[in-house]
Amino acid sequence: MRKQNISFDLTVFDSIEELSVDEKNLMLSAVASRKKAYAPYSNFQVGAALLLENGEVIVGNNQENACYPAGLCAERVAMFYAGANFPGVVIKAVAISATSINHIVDKPAAPCGNCRQSMSEYEVKQKQNIAILMMGEIGEVLKCNAIAKILPLAFDNSFLD
Ligand code: THU
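My aim in this report is to walk through the structure given alongside it, one point at a time. (Residues numbered from 1 in each chain as written. Predicted model: local features only at pLDDT ≥ 70, side-chain atom pairs only at ≥ 80, totals over all residues. Heavy atoms only, no water.)

1. Considerations on the overall build of the protein
Spelled out, the test is: Note on conventions: DSSP H or I runs of at least 4 residues are helices, E runs of at least 2 residues are strands, and numbering of each starts at the N terminus. C-alpha atoms define the radius of gyration in this analysis, and the globule rule sets the expected value at 2.2 Å times the number of residues to the power 0.38. Exposure categories follow from relative accessible area, calculated using a 1.4 Å probe and restricted to protein chains: below 20% of the type maximum is buried, above 50% is exposed, and the middle band is partly exposed. When checking whether two residues touch, look at their non-hydrogen atoms; a contact exists if any pair is within 4.5 Å. For accessible areas, the Shrake-Rupley method is used with a probe of radius 1.4 Å. Any residue's cover is judged against the shown protein chains and nothing else. A positive count includes Lys and Arg, and a negative count includes Asp and Glu. His and the chain ends are not counted in either. Charged side chains are reduced to one point each, which is NZ for Lys, CZ for Arg, CG for Asp and CD for Glu.
From N to C terminus, the protein includes three helices and six strands. Walking the protein from its N terminus toward its C terminus, one meets helices and strands in the order β-α-β-β-α-β-α-β-β. Scaling as 2.2 N^0.38, a compact globule of 161 residues should have a C-alpha radius of gyration of about 15 Å, and the protein matches this with 16 Å. Along the first, second and third principal axes, the C-alpha set of the protein runs to 50 × 40 × 35 Å. The burial tally for the protein puts 40% of its 161 residues in the buried class. Sequence separation of at least 24 residues holds for 67% of the intrachain contacts in the protein that already meet a minimum separation of 6. Carbon and sulfur atoms make up 52% of the accessible area of the protein, which amounts to about 9200 Å² in all. With 14 positive and 17 negative side-chain charges, the protein shows a spacing of 4 Å between the two charge centroids.

Following this line, the structure appears as structure tokens:
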């Protein structure tokens, strides 16, 4: 028997103003997209912006449904659009911003488990890390340099060989 410890590094920025110009612009794209979310049931609006290696920025926001499980998170709307339209193009980074009509979200929005799994798939596929930046509406921004870090012990295609 042996014990193992899994840990990872996060960079914590006090606010969006501390980000590099490129990262700030990507986060601002997520913020702009968040404002177009279709979230009449939760009132929780999320925007995601992907930076592709060709410079293209792909955005997505959460799309809810009267049949709740039929809705989709912002991250997967953006990832699936990139996967569908730019299948061979490396995704370098994803920025996420979330807030609520009911209250200001002042802590970083961490992606749900399903979104981590979906983003991990693209990271494995492209064999290059996807950096992730997470923010609420205001406050700290968290940065992690790979999706794999926030999904330890991930299920991937190696199990299917
Ligand atoms: N949501 C996202 O879009 N991304 C996340 O990472 C967490 C949750 C959406 C799904 C749903 O429309 C609303 O936020 C409340 O869960």
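Following the structure, the description resumes.
2. Focus: unusual backbone geometry
The phi torsion at Lys127 lies on the positive side, around 55°, for a residue other than glycine. As for its placement among the helices and strands, Lys127 is situated in the loop between α3 (113–126) and β5 (131–135). Judged by its relative accessible area of 74%, Lys127 is exposed.

3. Side note on the environment of Asn157
Within the secondary structure, Asn157 is located in the segment after β6 (141–144). The spatial distance from the C-alpha of Asn157 to the C-alpha of Glu121 is 8.4 Å, given a sequence separation of 36 residues.

4. What to know about the packing of aromatic side chains
For any pair of aromatic rings, the description consists of the separation of the ring centres together with the inter-plane angle of the planes. Test applied: Side-chain rings of Phe, Tyr and Trp (the six-membered ring for Trp) are treated as a pair once their centres are within 6.5 Å; stacked means planes under 30 degrees apart, edge-to-face means over 60, and tilted covers the remaining angles.
In the structure shown here, the tally under the stated rule is three aromatic pairs. Both rings, one in Tyr41 and one in Tyr68, keep their centres 5.6 Å apart while their planes meet at 40°; by these two values the pair is tilted. Pair noted here: Tyr41 is in the loop between α1 (21–34) and β2 (44–52) and Tyr68 is in the loop between β3 (57–61) and α2 (74–85), with a separation of 27 residues, a long-range link. Judged by its relative accessible area of 60%, Tyr68 is exposed.

5. A word on the site of the ligand
Here is the rule: We call a residue near a molecule or strand whenever a single non-hydrogen atom of that residue lies within 4 Å of it. Identification of polar contacts relies on pairs of N or O atoms within 3.5 Å, with a donor-acceptor requirement for protein atoms, meaning one able to donate a hydrogen and the other able to accept it, and with residues adjacent in sequence counted only if both atoms are side-chain atoms. Computed over the protein atoms alone on a 1 Å grid, cavities are sets of points where a 1.4 Å probe fits but cannot get out and pockets are open sets with protein on both sides within 12 Å along at least five of seven lines; a residue lines them when it has an atom within 4 Å of a point. For a molecule to be placed in a cavity or pocket, more than half of its atoms must lie within 2 Å of the grid points of that cavity or pocket. All residues other than Ala, Val, Leu, Ile, Met, Phe, Trp, Tyr, Cys, Pro, Asp, Glu, Lys and Arg, Gly among them, are scored as polar; the first ten of these are nonpolar and the last four charged.
What surrounds the ligand is the set Ser42, Phe44, Val46, Asn62, Glu64, Cys73, Ala74, Glu75, Ala110, Pro111 and Cys112. Side-chain polar atom of Glu64 to an oxygen atom of the ligand: 2.5 Å apart, as the coordinates give it. One of the side-chain nitrogen or oxygen atoms of Glu75 is found 2.7 Å away from an oxygen atom of the ligand. Burial of the ligand by the protein chains amounts to 74% of its free accessible area of 370 Å². Assessed atom by atom at 2 Å from the grid points, the ligand resides in the largest pocket. Of the residues that constitute the shell around the ligand, the class distribution is seven nonpolar, two polar and two charged.

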